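Residue-level structural notes
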Amino acid sequence: MAARCGNSLWDLPLMDMILPLISRWAHVGTAILLVGGTAFFRLAVIPALEGENSDLLAKIRGNWKKFVHIGILVFLVSGFYNYIAVGIPQHKGDGLYHALIGTKMLLAMYVFFLASVLVGSKPSSQKFRNDAKKWTGVMLLVAAVIVGISGFAKVRGVPAKSPDVSESQPSEQAGNSDDSETAA
Ligand code: HEM
């Protein structure tokens, strides 16, 4: 969409701008809720309930679970939309951008895995909940790296298009043949 008009969303007619805007609001809003909620859980709830009965912790997890699952869905839908409808057209040939967002997607899948097992109830993932302090800390750290990568990708912006190498080749070749002809 962005590629159709100019490089910036501001070049777009209002209607075309609405979906990218709503998708970015949904994406950043989910980041605020889930990363903020994880920070509160790790820095306030877990220390306060350490050594206390775990029923309360289980109740808190039960309440938080639906936000985690809906949040992962919103991250995936808005993230892939941001990337496919806005990022790819704007960053054609921009290897660093695609490497950054690709790395970010992989890290996000790890965060989604940890977030799911920490609110889960399967016996196989109980070891993560038994050491919730450690794994919530790991999740927070990786989420901070993800936000860092996203912010860098945004501030870095769309690099100025360098003239396509292939375009200049024919004329250069033409230039060269001239030289050799004149040399002869
Ligand atoms: C833990 C999960 C995630 C977090 C915390 C997160 C956070 C963010 C934040 C804060 C931004 C806005 C950056 C800014 O404008 O400064 C952003 C942008 C973006 N996110 Fe995510 N995100 C997550 C998962 C994903 C996933 C799974 C995808 C792809 C499937 C994705 C794709 C994108 C794209 C393409 C952008 C726009 C980058 C640009 O400005 O060109 N994100 N993300």
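Throughout this description, residue numbers start from 1 for each chain and increase along the sequence as written. Per-residue local features of the predicted model are confined to residues with pLDDT of at least 70, and side-chain atom pairs are confined, for both listing and counting, to 80 or more; whole-chain, interface and lining totals are unaffected and use all residues. Side-chain figures throughout are based on the complete set of non-hydrogen atoms in the structure, without hydrogens or water.

1. A short note on the nonpolar core
Residue types Ala, Val, Leu, Ile, Met, Phe, Trp, Tyr and Cys, when buried and joined through side-chain atoms within 4.5 Å, form a set referred to as a nonpolar core. Under the scheme applied here, a residue whose accessible area is under 20% of the maximum for its type counts as buried, over 50% as exposed, and between as partly exposed, the area being computed with a 1.4 Å probe on protein chains only. Within the largest apolar cluster, 25 residues are counted, with the highest numbers of intra-cluster contacts made by Val-68, Leu-118, Phe-128 and Met-139. Among the secondary structure elements, those contributing two or more residues to this core are α1 (14-49), α2 (54-90), α3 (95-118) and α5 (132-156). Think of it this way: any DSSP run of H or I at least four residues long counts as a helix, any run of E at least two long counts as a strand, and we number them from the N terminus. In terms of residues, this core owes the most to one element, α3, which gives seven residues. Note on contacts: a residue pair is in contact if any heavy atoms of the two residues lie within 4.5 Å. Leaving out residues up to four positions away in the same chain, Phe-128 has contacts with Phe-113, Leu-114, Val-117, Leu-118 and Trp-135.

2. Remarks on the pattern of salt bridges
The term salt bridge refers to a pairing of a side-chain nitrogen on Lys or Arg with a carboxyl oxygen on Asp or Glu at a separation within 4 Å. By the definition in use, this model includes two salt bridges. As a salt-bridge pair, Lys-133 and Glu-50 come within 3.3 Å of each other at their nearest N and O atoms. Here Glu-50 lies in the loop between α1 and α2 and Lys-133 lies in helix α5, a separation of 83 residues in the sequence. Overall, Glu-50 belongs to the partly exposed group, its relative accessible area being 46%.

3. Brief notes about the site of the ligand
We call a residue near a molecule or strand as soon as one heavy atom of that residue lies within 4 Å of the molecule or strand. Around the ligand there are 20 residues in total, and Arg-24, His-27, Tyr-97, Lys-104 and Lys-154 lie nearest to it. Two N or O atoms form a polar contact when they lie within 3.5 Å of each other; inside protein one atom must be a possible hydrogen donor and the other a possible acceptor, and for residues adjacent in sequence the pair counts only when both atoms belong to side chains. In this structure, an oxygen atom belonging to the ligand sits 2.5 Å away from a side-chain N or O atom of Arg-24. For the ligand, a nitrogen atom lies 3.4 Å from a polar atom in the side chain of Ser-150. Per-element tally for the shell around the ligand: the top contributor is α3, with six residues. Across the shell around the ligand, the residue classes break down as 12 nonpolar, five polar and three charged. Polarity classes work like this: nonpolar for Ala, Val, Leu, Ile, Met, Phe, Trp, Tyr, Cys and Pro, charged for Asp, Glu, Lys and Arg, and polar for all others, with Gly in that last group.

4. Some words on the packing of α1 against α2
As a rule, the C-alpha atoms of each element are fitted with a line to give its axis, helices using only the stretch in contact, and angles between N-to-C directions run from 0 to 180 degrees. For the pair α1 and α2, the least separation of the axes is 8 Å and the interaxial angle reads 150°. Here α1 lies roughly antiparallel to α2, going by the angle between them. The handedness of the crossing between α1 and α2 comes out as left-handed. Class assignment of the residues belonging to the contact of α1 with α2 gives a composition of 20 nonpolar, nine polar and two charged. These descriptions rest on fixed angle ranges, namely under 35 degrees for roughly parallel, over 145 for roughly antiparallel, 65 to 115 for roughly perpendicular, and the rest for oblique. Note: crossing handedness is left-handed where the near helix turns anticlockwise from the far helix by less than a right angle, and right-handed where it turns clockwise.

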